[in-house]
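# Structural description and commentary
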Amino acid sequence: MGINHATSGAAVWFAATAALPALSTDLYPLAPMGVLAGALVCAGAALLPDADHHSGTIAHSVPVLGRLAARAIEEGSGGHRHGAHTLFAAVVVTVVAVLLGRVTAVVPVLGRIPVGPAIATIALVCFAVKARDVVKRWSTAWLLGLVAAVAVAVFSPDNPVWFPVAVALGFVTHIAGDLLTVEGVPSLIWPIQIKPPRAWDRTPVLNAVWKRNGYLSVPLLGHAGSVREHVLGVALALYCVYAFVAVAMQAGHIDLIPLH
Ligand SMILES: [Zn+2]
């Protein structure tokens with residue numbers, strides 16, 4: 001479900017940025033505003049794999065065009081939950097994000113601003129807020145995307161690494177989420193799809209993890225849209241609210257310092 005994918009993307013971003021200072025000095029300092037912008041980008045990127053579904057959130061994003069794009073991706077990737085739900089697709093999308101991250105422009109007063117990430121942010125944030133049903137109208141969703149893009153352009157860190165990291169994390173989080181459902185995801189080394197031997201296929205439990213069609217699943221959440229999925233979605237949403245408030249308070253604190 002779109003809502004839970006967007007929520008899990010934001011949650012993973014908050015958790016990763018909270019843990020990263022200990023792991024990497026390369027990504028830091030990521031200012032609180034950068035963390036918030038990244039959460040929106042990561043939430044939007046967590047919807048990208050389902051661009052392969054003609055009735056998914058992204059298919060409705062732009063009249064006619066959204067559906068045409070979703071159809072094209074669906075057919076090009078071999079159908080829903082196929083090529084677009086693989087590590088191969090994650091690498092392709094991350095490379096695109098790295099290239100977009102390099103598109104910058106020098107603007108008077110603001111200095112160098114990340115044009116590529118800002119433009120991508122418009123679409124990703126629009127998808128994210130619509131999937132979360134934060135807004136009802138698509139026009140409002142696009143407007144919020146625009147506001148977030150301005151925030152990204154003005155506040156995002158000089159270090160361009162955050163953008164591809166947010167996109168990659170969101171994309172992989174989606175695949176991990178689908179892996180937890182009964183339906184599962186294609187082989188991790190797609191397009192090579194290895195099917196299990198017949199004896200494996202006849203063994204209960206084992207044949208639920210590595211399926212006859214070669215798909216993998218760790219079906220902890222049951223079917224897509226199950227009660228368990230909703231419970232996890234609510235828990236992740238609560239974590240996101242907590243993290244958002246914590247980071248926003250930090251942002252407020254930092255902004256207040258020059259006033260003293
Ligand atoms: Zn999916």
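Relevant structure appears above.
The residue numbers shown here count from 1 along each chain, following its written sequence. It should be noted that, the model being predicted, local features are given only for residues of pLDDT at least 70 and side-chain atom pairs only at 80 or more, the latter also being counted only at that level, while totals for whole chains, interfaces and linings use all residues. Side-chain metrics in this entry use all non-hydrogen atoms of the structure; hydrogen atoms and water are not considered.

## Quick notes on a nonpolar patch on the surface
Counted only if it meets this: Only residues whose relative accessible area exceeds 30% and that take part in no salt bridge are eligible for patches, with like-charged residues grouped when within 9 Å of each other and nonpolar side chains (Val, Leu, Ile, Met, Phe, Trp, Tyr) grouped when within 5 Å. Residue burial considers only the protein chains on display, and all accessible areas are found by Shrake-Rupley using a 1.4 Å probe. Salt bridges are counted wherever a side-chain nitrogen of Lys or Arg sits within 4 Å of a carboxyl oxygen of Asp or Glu. Put simply, DSSP marks the helices as runs of H or I at least four residues long and the strands as runs of E at least two long, and each gets a number from the N terminus on. Burial here depends on accessible area, computed with a 1.4 Å probe over protein chains only, as a share of the maximum for the residue type. Under 20% is buried, over 50% is exposed, and the range in between is partly exposed.
There is a patch of nonpolar side chains on the surface, built from Phe88, Val92, Val96, Leu100 and Val103 and spanning about 390 Å² of accessible area. If you trace the backbone, valine 103 turns up in the loop between helix H4 (87-101) and strand S1 (104-107). Valine 103 sits in the partly exposed class, given a relative accessible area of 40%.

## A short note on the coordination of the zinc ion
Keep this limit in mind: Water is not among the atoms examined, so metal sites may look incomplete; donors are the N, O and S atoms within 2.8 Å of the metal, or within 3.2 Å for Na, K and Ca. By the criteria applied here, four donors are tetrahedral when all angles lie between 85 and 135 degrees, four are square planar and six octahedral when opposite donors are over 155 degrees apart and every other angle lies between 65 and 115, and any other arrangement is irregular.
Looking at the zinc ion, the protein donor atoms are Asp50 (OD), His85 (NE2), His174 (NE2) and Asp178 (OD), and they sit 2.0 to 2.3 Å from it. Metal-centred angles of 87 to 173 degrees between the 4 donor atoms at the zinc ion mark the site as irregular. Between the donor residues of the zinc ion, the gaps in sequence give the motif D-x34-H-x88-H-x3-D. Of this pair, aspartate 50 sits in the loop between helix H2 (32-45) and helix H3 (65-76) while histidine 174 sits in helix H7 (residues 162-179), and the two are 124 residues apart along the sequence. Taken individually, aspartate 50 and histidine 174 each receive the classification buried, so the pair is uniform in this respect.

## Some remarks on the environment of valine 125
Going by this rule: Contacts are assigned to residue pairs with any non-hydrogen atoms lying within 4.5 Å of each other.
By the secondary structure assignment, valine 125 is in helix H5 (residues 115-131). Classification of valine 125 as buried rests on a relative accessible area of 2%. Along the primary structure valine 125 and alanine 37 are separated by 88 residues, whereas in three dimensions their C-alpha atoms are 9.1 Å apart. Beyond its immediate sequence surroundings of up to four residues, valine 125 is in contact with Leu40, Leu144, Gly145 and Ala148.

## A few points about H7
The criterion, for reference: To estimate how far a helix should reach, multiply one less than its number of residues by 1.5 Å.
In this model, H7 (18 residues) spans 25 Å end to end at C-alpha, consistent with the 26 Å of a helix rising 1.5 Å per residue. For H7, the complete set of buried residues consists of Trp162, Phe163, Pro164, Ala166, Val167, Ala168, Gly170, Phe171, Thr173, His174, Ile175 and Asp178.

## Structural notes on the packing of H2 against H5
Test applied: Note on method: axes are straight lines fitted to C-alpha atoms, helices fitted across the in-contact stretch only, with angles between N-to-C directions ranging 0 to 180 degrees. To sort the angles, those under 35 degrees are grouped as roughly parallel, those over 145 as roughly antiparallel, those from 65 to 115 as roughly perpendicular, and the leftovers as oblique. Only Asp, Glu, Lys and Arg are considered charged in this grouping, and only Ala, Val, Leu, Ile, Met, Phe, Trp, Tyr, Cys and Pro are considered nonpolar; every other residue, Gly among them, is considered polar.
Orientation of H2 relative to H5, taken along the N-to-C sense of each, is 70 degrees, at an axis distance of 7 Å. Relative to H5, H2 is oriented roughly perpendicular. On H5, the residues that touch Leu40, Val41, Ala43, Gly44 and Ala45 of H2 are Thr121, Leu124, Val125 and Ala128. Of the residues assigned to the contact of H2 with H5, the class counts are 7 nonpolar, 2 polar and no charged.

## Points about the pairing of strand S2 (residues 111-114)
Quick note on the threshold: Being paired, for any two strands, means DSSP has found at least two bridges between them.
Sheet analysis places S1 next to S2, joined by 4 bridges and oriented antiparallel. Note on S2: the bridge partner recorded for alanine 105 is isoleucine 113. Where S1 folds back onto S2 in an antiparallel hairpin, the turn is made up of 3 residues, including valine 109, whose phi is positive at roughly 75 degrees.

## Some points on the environment of isoleucine 58
If you trace the backbone, isoleucine 58 turns up in the loop between H2 and H3. Residues isoleucine 58 and alanine 69 lie 11 residues apart in sequence; the distance between their C-alpha atoms is 8.8 Å. With near-sequence residues (within four places) excluded, isoleucine 58 lies in contact with Leu47, Leu48, Ala51, Gly66 and Phe127.

## Looking at H2
A rise of 1.5 Å per residue sets the reference length of H2, with its 14 residues, at 20 Å; its end C-alpha atoms lie 20 Å apart and thus fit the reference within 8%. Most of H2 sits inside the fold, with 12 of its 14 residues counted as buried. Within H2, burial applies to Pro32, Gly34, Val35, Leu36, Ala37, Gly38, Ala39, Val41, Cys42, Ala43, Gly44 and Ala45.

Shape is all these values report; function is a separate question.
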